[in-house]
2 protein chains.
Amino acid sequence: MMTSPYTLMSSCDISYREVVSRWEPDASGRMVAAALDLYETQGYESTTIADIAARAGVTERTFFRHFSDKREVLFAGAKDLETRVLEEIAVMDEAPLLDMATAAYVRVAIVFESRRDFLSRRARVIAGNPNLRERELLKTSSLSAALSRGMVARGVPATTAAIAAECATVAFVTAFDRWLTDPGDTGLVQLIAGVATELKSVAANSSPEHAARNSNPGSEQEPAAAAD
Amino acid sequence: MMTSPYTLMSSCDISYREVVSRWEPDASGRMVAAALDLYETQGYESTTIADIAARAGVTERTFFRHFSDKREVLFAGAKDLETRVLEEIAVMDEAPLLDMATAAYVRVAIVFESRRDFLSRRARVIAGNPNLRERELLKTSSLSAALSRGMVARGVPATTAAIAAECATVAFVTAFDRWLTDPGDTGLVQLIAGVATELKSVAANSSPEHAARNSNPGSEQEPAAAAD
């Protein structure tokens, strides 16, 4: 299954364990970096919160001021991401619903572009652990629900908003996954747009791959009912 | 966020604690029913595996022969559901991709129709617990991945198959949620078809709700690019 995206906007890749002041600037970022290092080197299951705190140069108490558990440390930016998606959808010019929903993701995706290496490492750790995958799916679900609420606040009926948000989320997650795993140079923003276009094509039944195999060419103009 | 569907095909609603033979017919079904009763009455967190086993009239050892943990007992039919979806997609007549993917769900959805009360109770328990919601999302993700694999086996390119499977899953899950929460009499199969049609409409930008609000009527014929 696809991995999915989370900005860790508050995190940084630099571990500066030597410089531990009582004020602890960016303690959260140090814990994220420390946790990822440890999950990669000694495994997620074998890493304790004490390990992470020690490596980041903080106390366990500080850890729990920032994160509820060992999983949350890999989802540090999820709430910020939800907030930003909601802000984007609120100020967006009127447009076709799916385009608006996708554009909200595109606008926040820009912050990911410079963090590909970090996000790839993070995605590999998550892919290797069902508990982390579950948490990621919950965050993605929560993000999609936020986007849907943002559209409802603009007057879109609830089910229509949910469908548009879910489709945009499919485009976002698929593009994010491809961006992290494919060796190509295509940027995330471009990939999201590309997948969204392909999604529309699949939904409109005008995919060239399908058209080539379709035994009933007439149906491309007029999609059949979904139920059999 | 939406709840999502799992058949508990092996379960039954009847608890017959008095009749516990060594052979234990439908022990799995009894454990599912017992767990759901306990999760509803004393809460998911407060229920132990020993409680479930005792209520179902089995040993804890029997519990662990069937389920890996306290969560899995609510997802007893998930693997069967995956297998059935794969079987359906394998034998399906050629058709537009999203229609095929949706039709695979429609065909397995028929088994849910008679179990609405049970599935509603189950959905309420899951909605109330983040751990259960995470597990449900993982199962849904796995189901969508299976459907995608089934289409790849028919020669569909991987990304296209993933997109079609994800869109069909959105339709299925949205319809399932509506079916369990709305008081209406519309059947699940009909709801899936309806949501799939709405999804296509959202993707094609021809939603009547949208058209009424759209300030640029020309864009309905020719959807704009997704990225801004």
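None of the values given here were measured: they were computed from a predicted structure. (Residues numbered from 1 in each chain as written. Chains lettered and ligands numbered in written order. Predicted model: local features only at pLDDT ≥ 70, side-chain atom pairs only at ≥ 80, totals over all residues. Heavy atoms only, no water.)

Novice: Would you take a moment to explain the overall build of chain A for this structure?
Specialist: Looking only at helices and strands, chain A features ten helices and zero strands. When the helices and strands of chain A are placed in sequence order, the string is α-α-α-α-α-α-α-α-α-α. Each of the 228 residues in chain A was classed as buried or not, and the buried ones make up 56%. (Helix = DSSP H or I, 4+ residues; strand = E, 2+ residues; numbered from the N terminus. Buried < 20%, exposed > 50% of the residue type's maximum accessible area, 1.4 Å probe, protein only.)

Novice: What is the right way to read the UniProt feature "DNA-binding region" (unreviewed entry) in chain A from this model?
Specialist: Listed under "DNA-binding region" (unreviewed entry) in the UniProt record, and renumbered for this structure, are residues 48-67 of chain A. The straight-line gap between the two end C-alpha atoms of residues 48-67 of chain A is 13 Å; of that span, 75% is helix and 0% is strand. (UniProt positions renumbered as here; feature names shortened; annotations may be inferred.)

Novice: Sorry, what's going on with the packing of aromatic side chains here?
Specialist: Here a ring pair, both rings aromatic, is described through the centre-centre distance and the interplanar angle of the planes. Inspection of the entire model under this criterion finds 16 aromatic pairs over all chains. Three or more aromatic residues link up through ring pairs in this structure, and these residues are Tyr105, Phe112, Phe172, Phe176 and Trp179 of chain A. Above the ring of Tyr44 of chain A, the side-chain terminus of Lys70 of chain A is found at 4.4 Å from the ring centroid. For Arg115 of chain B, the ring lying beneath its charged end belongs to Phe118 of chain B, and the centroid distance is 4.5 Å. (Phe/Tyr/Trp six-rings, centres within 6.5 Å; stacked < 30°, edge-to-face > 60°. Lys NZ or Arg CZ within 6 Å of the ring centre and 35° of its normal.)

Novice: When you look at the environment of Ala168 of chain B in this model, what are you seeing that I'm missing?
Specialist: Residue position: Ala168 of chain B is located in helix 8 (residues 158-181). Excluding residues within four positions of it along the chain, Ala168 of chain B makes contact with Leu98, Ala101, Thr102, Tyr105 and Leu147 of chain B. (Contact = heavy atoms within 4.5 Å.)

Novice: Explanation requested: the nonpolar core in the structure shown.
Specialist: For soluble globular proteins, nonpolar side chains are generally found buried alongside one another. Formed by 134 residues in total, the largest nonpolar core has its most connected members in Leu147 and Met151 of chain A together with Leu147 and Met151 of chain B. Ignoring anything within four residues of it in the chain, the contact list for Met151 of chain B reads Ile89, Leu97, Ala101, Val156, Ala161, Ala164 and Ala165 of chain B. (Core = buried A, V, L, I, M, F, W, Y, C linked by side-chain atoms within 4.5 Å.)

Novice: Is there a simple way to explain the packing of helix 1 (residues 27-41) of chain A against helix 6 (residues 116-127) of chain A in this structure?
Specialist: Relative placement of two packed helices is described by the angle separating their axes and the distance separating the axes. Residue and element names in this part refer to chain A. Relative to each other, helix 1 and helix 6 sit at 50 degrees, their axes nearing to 10 Å. Relative to helix 6, the element helix 1 is oriented oblique. Viewed along their axes, helix 1 and helix 6 form a crossing whose handedness is left-handed. Side by side, helix 1 and helix 6 meet where Val32, Leu36, Asp37, Tyr39 and Glu40 of the first sit next to Phe118, Arg121, Arg122 and Val125 of the second. In terms of residue class, the contact of helix 1 with helix 6 is made up of five nonpolar, no polar and four charged. (Axes fitted to C-alpha atoms, helices over the stretch in contact; angles between N-to-C directions. Parallel < 35°, antiparallel > 145°, perpendicular 65-115°, else oblique. Left-handed = near helix turned anticlockwise from the far one by under 90°. Nonpolar A, V, L, I, M, F, W, Y, C, P; charged D, E, K, R; others polar.)

Novice: What is the right way to read helix 1 (residues 27-41) of chain B from this model?
Specialist: Given 3.6 residues per turn, any residue in an α-helix points the same way as the ones three and four places further on. The terminal C-alpha atoms of helix 1 of chain B, which comprises 15 residues, lie 21 Å apart, in line with the 21 Å expected from a rise of 1.5 Å per residue. Phi turns positive, to about 95 degrees, at Gly43 of chain B, one or two residues after helix 1 of chain B. (Expected span 1.5 Å × (residues − 1).)

Novice: Sorry, what's going on with the environment of Ala165 of chain B here?
Specialist: Residue and element names in this part refer to chain B. Tracing the chain through its elements places Ala165 in helix 8. Exposure remark for Ala165: the relative accessible area of 0% places this residue in the buried category. Note: C-alpha distance between Ala165 and Ser148 (17 residues apart in sequence) is 5.3 Å. Discounting residues that sit within four places of it in the chain, Ala165 has contacts with Ser144, Leu147, Ser148 and Met151.

Novice: Which parts of the structure should I look at to understand the state of the cysteines?
Specialist: Note: disulfide means a covalent bond formed between the sulfur atoms of two cysteine side chains. Applying the stated criterion to the full structure yields zero disulfides over all chains. Here Cys167 of chain B stays unpaired: no disulfide links it, and the sulfur of Cys167 of chain A, its closest cysteine neighbor, is 4.6 Å away. Using a relative accessible area of 1% as the deciding quantity, one classes Cys167 of chain B as buried. (Disulfide = S-S within 2.5 Å.)

Novice: In this structure, what is going on with the pattern of salt bridges? I would like to understand it.
Specialist: A side chain with one charge may pair with a side chain of the opposite charge, provided their charged atoms come close. Residue and element names in this part refer to chain B. For the structure on display, the rule yields 30 salt bridges over all chains. Arg55 is the partner of Asp37 in a salt bridge, and the nearest nitrogen-oxygen pair spans 3.6 Å. Taken together, the residues span a long stretch of sequence, with Asp37 in helix 1 and Arg55 in helix 2 (residues 49-56) at a distance of 18 residues. A relative accessible area of 27% places Arg55 in the partly exposed class. Notably, a salt bridge pairs Glu72 with Lys139, separated by 3.0 Å at the nearest N-O pair. Residue Glu72 is found in the loop between helix 3 (60-66) and helix 4 (78-91), and its partner Lys139 is found in helix 7 (residues 130-153); the two are separated by 67 residues along the sequence. By relative accessible area, which is 15% here, Glu72 ends up buried. (Salt bridge = Lys/Arg side-chain N within 4 Å of Asp/Glu carboxyl O.)

Novice: Sorry, what's going on with helix 4 of chain B here?
Specialist: Residues and elements named next belong to chain B. The end-to-end C-alpha distance of helix 4 is 20 Å, a good match for the 20 Å that 14 residues give at a rise of 1.5 Å each. Where helix 4 is concerned, the buried positions are Ala78, Leu81, Glu82, Val85, Glu88 and Ile89. Along the axis of helix 4, the buried residues cluster in a sector spanning 130 degrees; they form a single face. Set apart from the buried face of helix 4 by more than 90 degrees, the exposed residues are Lys79, Ala90 and Val91. Turning to helix 4, the residues buried within the fold contact helix 5 (97-109) and helix 7. (Arc of directions from axis to C-beta.)

Novice: I keep staring at the packing of helix 9 (residues 188-204) of chain A against helix 9 (residues 188-204) of chain B and nothing clicks. Help me out?
Specialist: Two elements in contact, helix 9 of chain A and helix 9 of chain B, have axes separated by 9 Å at closest approach and are oriented at 130 degrees. Classified by the angle their axes make, helix 9 of chain A and helix 9 of chain B are oblique. Viewed along their axes, helix 9 of chain A and helix 9 of chain B form a crossing whose handedness is left-handed. Residues Leu199, Lys200 and Ala203 of chain A of helix 9 of chain A touch helix 9 of chain B, and the partners they reach there are Leu199, Lys200 and Ala203 of chain B. Here the residues of the contact of helix 9 of chain A with helix 9 of chain B sort into four nonpolar, no polar and two charged.

Novice: In this structure, what is going on with the confidence of the model for chain A? I would like to understand it.
Specialist: Keep in mind that low pLDDT regions are not for reading the predicted coordinates in detail. Residue and element names in this part refer to chain A. Residues at a pLDDT of 70 or more form 79% of chain A, whose mean pLDDT is 83. Confidence, read as mean pLDDT per element, is least for helix 10 (residues 208-213) in chain A (43) and greatest for helix 2 (residues 49-56) (97). Taken as a whole, residues 207-228 scores under 50 in pLDDT and shows 34 contacts with residues more than four places along the chain or in a different chain. (pLDDT = per-residue confidence, 0-100.)

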